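Fold and contact review
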Amino acid sequence: MDVDLQLFKNIMAEGRNNTDLLDSYSPNQFKSKERLIKLLKDQLILNTNFEIVILGCWYGSILIPALKHSKRITAIDINPTTISIAKNRLFSHYENVDWITSDVFDENRYGRIKNANLIINTSCENMVPMKDLKALSESKSYFAFQTNDMVLWDHINCVKNMEEFKSQLPDNAKVLIEDEIKDERGTRFTLIGKL
């Protein structure tokens, strides 16, 4: 078992006063991200030589440890608070993670996104459709995207079904896997494929 005791201590210390961080470790978050990682592994998409970009990473709570053996992880989120906590209090001992506070649609991020081996976005419901991210139309990478049908205050782009989600992909996207996970709040949709 590959247990990161330092990370566990960091989560315990930070989580005492941060309910938002604790929410990032909720059972529903674990279930959907664990499923995503399993699907990527089943398709042999994960590789230790990969450079991975996580769009809308939040704290990176579950994905960063699951992908820690990658060559490099770029974690991008628009929220400076979550990036600062993740970088300085949770994952400061992870040397292969670049933390970037930015809108993922900022053109200064295109090179990093376009040249990644794998692009992950588990929060497509929080941003405009991925077909609007120009860097993806120029990429030859794998992608793993998730969204949901859960209408919440910060969800600006929920979908009703898988077909609607697929319609938000860039034109050059080839879907390899479609998956749905239901929980008490609604359905989370997953698309994995190649650009």
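In case you missed it, the structure is sitting above this.
We now turn to the structure provided with this report.

**Re the overall build of the protein**
When helices and strands are counted, the protein shows eight helices and seven strands. Relative to a compact globule of 195 residues, whose C-alpha radius of gyration would be 16 Å, the protein shows 16 Å and is just as compact. Dimensions of the protein along its principal axes, counting C-alpha atoms only, are 45 × 35 × 35 Å. Across the protein, every contact between residues at least 6 apart in sequence was considered, and the portion connecting residues at least 24 apart equals 64%.

**Focus: the pattern of salt bridges**
Oppositely charged side chains can pair when the atoms bearing their charge come close. The final tally for this structure, using the stated rule, is twelve salt bridges. Beyond isolated ion pairs, a larger network of salt bridges with shared partners links Glu51, Lys71, Arg72, Asp98 and Arg112.

**Regarding the pairing of strand E4 (residues 118-121)**
Here E4 shows a buried face lined by Leu118 and Ile120 and a second buried face lined by Ile119 and Asn121. Here four bridges tie E4 to strand E5 (residues 142-148), and the two strands are oriented parallel to one another. Across the sheet, the residue bridging to Ile120 is Ala144, located in E5.

**Regarding the environment of Trp58**
Relative to the elements of secondary structure, Trp58 occurs in the loop between strand E1 (51-55) and helix H4 (63-66). Residue Trp58 is classed as partly exposed on the basis of its relative accessible area of 24%. The sequence separation of Trp58 and Ser24 amounts to 34 residues, and the corresponding C-alpha distance is 7.9 Å. What Trp58 contacts, discounting residues up to four positions off in sequence, is Asp20, Asp23, Ser24, Gln29, Asp77 and Thr82. A polar contact of 3.2 Å, which involves the side chain of Trp58, links it to the side chain of Asp20.

**Re the packing of aromatic side chains**
For the structure shown, the criterion picks out six aromatic pairs. Taking 6.3 Å as the distance between ring centres and 40 degrees as the angle between the ring planes, the aromatic pair formed by Tyr25 and Phe30 counts as tilted. Feature note: the residues Phe91, Tyr94 and Trp99 constitute an aromatic cluster, connected by ring pairs. Of note, Lys194 hangs over the ring of Tyr142, and the distance from its end group to the ring centre comes to 5.2 Å.

**With respect to the packing of helix H1 (residues 5-15) against helix H5 (residues 80-90)**
Between H1 and H5, the least distance of the axes is 10 Å, while the angle of their chain directions is 130 degrees. Put simply, H1 runs oblique to H5. Packed against H1, whose contacting residues are Leu7, Asn10, Ile11 and Glu14, the element H5 presents Ile85, Arg89 and Leu90 at the interface. For the contact of H1 with H5, the class distribution of residues is four nonpolar, one polar and two charged.

**Topic: unusual backbone geometry**
Located in the positive-phi region is Leu44, a residue other than glycine, with phi close to 60 degrees. On the accessibility criterion, Leu44 (74% relative accessible area) is exposed. Here the phi dihedral of Trp58 falls at roughly 60 degrees; this positive angle occurs in a residue that is not glycine.

Rules used throughout
- Residues numbered from 1 in each chain as written.
- Predicted model: local features only at pLDDT ≥ 70, side-chain atom pairs only at ≥ 80, totals over all residues.
- Heavy atoms only, no water.
- Helix = DSSP H or I, 4+ residues; strand = E, 2+ residues; numbered from the N terminus.
- Rg over C-alpha atoms; globule rule 2.2 N^0.38 Å.
- Contact = heavy atoms within 4.5 Å.
- Salt bridge = Lys/Arg side-chain N within 4 Å of Asp/Glu carboxyl O.
- Buried < 20%, exposed > 50% of the residue type's maximum accessible area, 1.4 Å probe, protein only.
- Pairing = 2+ DSSP bridges.
- Polar contact = N/O pair within 3.5 Å; in protein donor to acceptor, adjacent residues only side chain to side chain.
- Phe/Tyr/Trp six-rings, centres within 6.5 Å; stacked < 30°, edge-to-face > 60°.
- Lys NZ or Arg CZ within 6 Å of the ring centre and 35° of its normal.
- Axes fitted to C-alpha atoms, helices over the stretch in contact; angles between N-to-C directions.
- Parallel < 35°, antiparallel > 145°, perpendicular 65-115°, else oblique.
- Nonpolar A, V, L, I, M, F, W, Y, C, P; charged D, E, K, R; others polar.

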